[in-house]
Amino acid sequence: MSTTTVLQKAAGYKAAGRVFNFGAGPAVMPLPVLEQIQQEMLNYKGTGMSVLEMSHRSAPFEEIIHQTEANIRKLYNIPSNYKVIFLQGGASLQFAMVPINLLAKDASADYIITGSWSQTAFKEAKKLGQVRAAASSESTGFDRIPAQSELQLDPKAAYLHFTSNNTIYGTEWFEEPVAPEGVPLVCDASSDILSRPLDISNYGLIYGGAQKNMGPAGLTVVIIREDLLARTPANLPAMLDYRLLSDKGSLHNTPPTFAIYATGLVTNWLLENGGLAETEKRNRAKATLLYQAIDNSQGFYKGHSQPDSRSRMNVTFRLPNENLDKTFIKEAAALGLEGIKGYRTVGGIRASIYNAFPYEGVEALASLMKTFQEKNS
Ligand SMILES: Cc1ncc(COP(=O)(O)O)c(C=O)c1O
């Protein structure tokens, strides 16, 4: 398809009332899921009410929460010695809950610092216990993922924490760091959760907010190896206690019912579309298109991340100057390509292309990059 046709198609999409939403989160949802929500809004499966109005103790909601958990288990092939817990408070609350539950007073935990979110997780944990930075890529502007050989790991650490995808800088781990024998690996996967298959048995705990790759805001998913629940200290406030929340099947109090329902629909959609192996292929194809546009621009577009650390979820780049960044963002918006402004600490452009982001939108952005460069260089 020619560049002009792709751009005309994007403009037509906008005229029909939808844009290509490159926002970093809350982010694009699969269109069939939004349509199903619309269809079921007033009368969910003959109950005569919306899921918004439904008791979390009702039989239909119990079916929803069980199915959502079953879908996540199936997608990741989660072993039976792991629990899946649905929580609120975002990944930000996990920055505290992880040390509160897993970091004993006399122990220390290791953190790998690869961006603002891992820095925040580290700072939050520091308020609660002893922590060490096992590596940091700050000196090069968080443009890369450290090599295993750079990690200075404590063999006695309570856990090793890392952020699998750095949403702001656009870098991603494609192989998780290897923790010393017996040290559980803890991962903030907020911005690449369910984007590719993982061997869950390599992890002690994975957490992520739903609002980028999995569903709407309001839900946080924690996948935790059962034996780690024994570390939870006695007498924690109930809402901070992994063991209690897991024992109660995520129904200690009212969970974010609608977000769980919508996440159930998104995970159905992922299963119907080939599971995580196919999801990974689609994500790889989308990211490749944008990185090729950067690499073929003779330096007009400059990627923030080093090539071997490039995220498939958040593609970050700059134009030759800030004025051109602004004009590019304006021209993109006119075509219905929204939400591409980079995060304030990095600047430039950030295209977030999570699981539900359509390939046509990426084609449109790559086409705009080409025509914009022709006009402006
Ligand atoms: C990698 C990462 N971790 C944590 C957060 C914070 O998540 P929340 O807003 O769910 O607390 C974000 C939000 O963008 C993120 O991208």
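Note that this is a predicted model, so its numbers are computed, not measured.

### Overview of the domain arrangement of the protein chain
- Examined at the domain level, the protein chain breaks down into domain 1 (3–22 + 276–376) and domain 2 (39–272).
- Taken together, the contacts link 23 residues of domain 1 with 27 residues of domain 2.
- Both faces considered, domain 1 and domain 2 share a buried interface measuring about 2,100 Å² in area, 55% of it formed by carbon and sulfur atoms.
- At the junction of domain 1 with domain 2, the criterion picks out zero salt bridges.
- Linking domain 1 with domain 2 are 14 residue pairs in polar contact (both at pLDDT 80 or more).
- Every element with two or more residues in the side of domain 1 that touches domain 2 is listed here: α8 (275–295) and β12 (314–318).
- Top element by residues in the side of domain 1 that touches domain 2 is α8. It accounts for six residues.
- Taken together, the residues of the side of domain 1 that touches domain 2 break down into eight nonpolar, 11 polar and four charged.

### With respect to the pairing of strand β3 (residues 108–113)
- Counting buried residues in β3 gives six out of six residues, a clear majority hidden from the surface.
- The two faces of β3 match: Ser108, Asp110 and Ile112 on one face and Ala109, Tyr111 and Ile113 on the other face are all buried.
- Note: β3 against strand β4 (residues 130–136), six bridges, orientation parallel. Across the sheet, residue isoleucine 112 finds its bridge partner in β4, namely alanine 135.
- Handedness of the crossover joining β3 and β4 through helix α5 (residues 116–126): right-handed.
- Both β3 and strand β5 (residues 160–163) contribute to a ladder of two bridges, which runs parallel. Each residue of the ladder has a partner; that of tyrosine 111, found in β5, is histidine 161.

### Comments concerning the environment of glycine 215
- Within the secondary structure, glycine 215 is located in the loop between β9 (205–209) and β10 (220–225).
- Judged by relative accessible area, glycine 215 falls into the buried class, the value being 5%.
- The spacing of glycine 215 and alanine 107 is 108 residues in sequence and 36 Å in space, taken between C-alpha atoms.
- Not counting chain neighbours up to four residues away, the residues in contact with glycine 215 comprise Met29, Ala210, Thr263 and Val266.

### Concerning the site of the ligand
- Looking at the ligand, there are 13 residues lining it, with Ser92, Thr167, Asp188, Gln211 and Lys212 nearest.
- Serine 92 has a polar side-chain atom sitting 2.6 Å from an oxygen atom of the ligand.
- In the environment of the ligand, an oxygen atom lies 2.5 Å from a nitrogen or oxygen atom belonging to the side chain of threonine 167.
- Relative to its free-state accessible area of 400 Å², the ligand is covered by the protein chains to the extent of 86%.
- If one sorts the elements of the shell around the ligand by residue count, helix α4 (residues 90–102) sits on top with four residues.

### Focus on the sheet that holds strand β14 (residues 349–352)
- Judged by pairing direction, the sheet is antiparallel, and its three strands sit side by side in the order β11-β12-β14 without closing on themselves. Only two strands of the sheet have a single partner each, and these edge strands are β11 (302–303) and β14.
- Looking at chain direction, β11 and β12 are connected through two bridges and run antiparallel. Directly across from lysine 302, in β12, lies its bridge partner arginine 318.

### Thoughts on the packing of aromatic side chains
- What the rule picks out here adds up to 16 aromatic pairs.
- Ring geometry for tyrosine 44 against tyrosine 261: centres 5.7 Å apart, planes inclined by 85 degrees, an arrangement best described as edge-to-face. Here the residue tyrosine 44 occupies a position in the loop between α2 (31–40) and α3 (59–76), and tyrosine 261 occupies one in helix α7 (residues 257–272), the gap between them amounting to 217 residues. Of the two residues, tyrosine 44 and tyrosine 261, both sit in the buried class.
- With a centroid separation of 6.1 Å and an interplanar angle of 65 degrees, the aromatic rings of tyrosine 301 and phenylalanine 328 are classed as edge-to-face. Placement of the pair is tyrosine 301 in the loop between α8 and β11 and phenylalanine 328 in helix α9 (residues 322–334), with a sequence separation of 27 residues.
- Residue tyrosine 301 is classed as buried on the basis of its relative accessible area, which comes to 2%.
- By relative accessible area, phenylalanine 328 is classed as buried at 0%.
- Taken together, Phe300, Tyr301, Phe317, Phe328 and Phe372 form an aromatic cluster joined through their ring pairs.
- The ring centre of tryptophan 269 lies 6.0 Å from the NZ or CZ of arginine 282, which sits over that ring.

Procedures and definitions
Residues numbered from 1 in each chain as written. Predicted model: local features only at pLDDT ≥ 70, side-chain atom pairs only at ≥ 80, totals over all residues. Heavy atoms only, no water. Domains from an automatic or database assignment. Contact = heavy atoms within 4.5 Å. Buried area = accessible area lost by both parts, 1.4 Å probe. Salt bridge = Lys/Arg side-chain N within 4 Å of Asp/Glu carboxyl O. Polar contact = N/O pair within 3.5 Å; in protein donor to acceptor, adjacent residues only side chain to side chain. Helix = DSSP H or I, 4+ residues; strand = E, 2+ residues; numbered from the N terminus. Nonpolar A, V, L, I, M, F, W, Y, C, P; charged D, E, K, R; others polar. Buried < 20%, exposed > 50% of the residue type's maximum accessible area, 1.4 Å probe, protein only. Pairing = 2+ DSSP bridges. Right-handed = clockwise from strand over helix to strand, strands pointing away. Near = heavy atom within 4 Å. Areas by Shrake-Rupley, 256 points an atom, 1.4 Å probe, with all protein chains shown as cover. Phe/Tyr/Trp six-rings, centres within 6.5 Å; stacked < 30°, edge-to-face > 60°. Lys NZ or Arg CZ within 6 Å of the ring centre and 35° of its normal.

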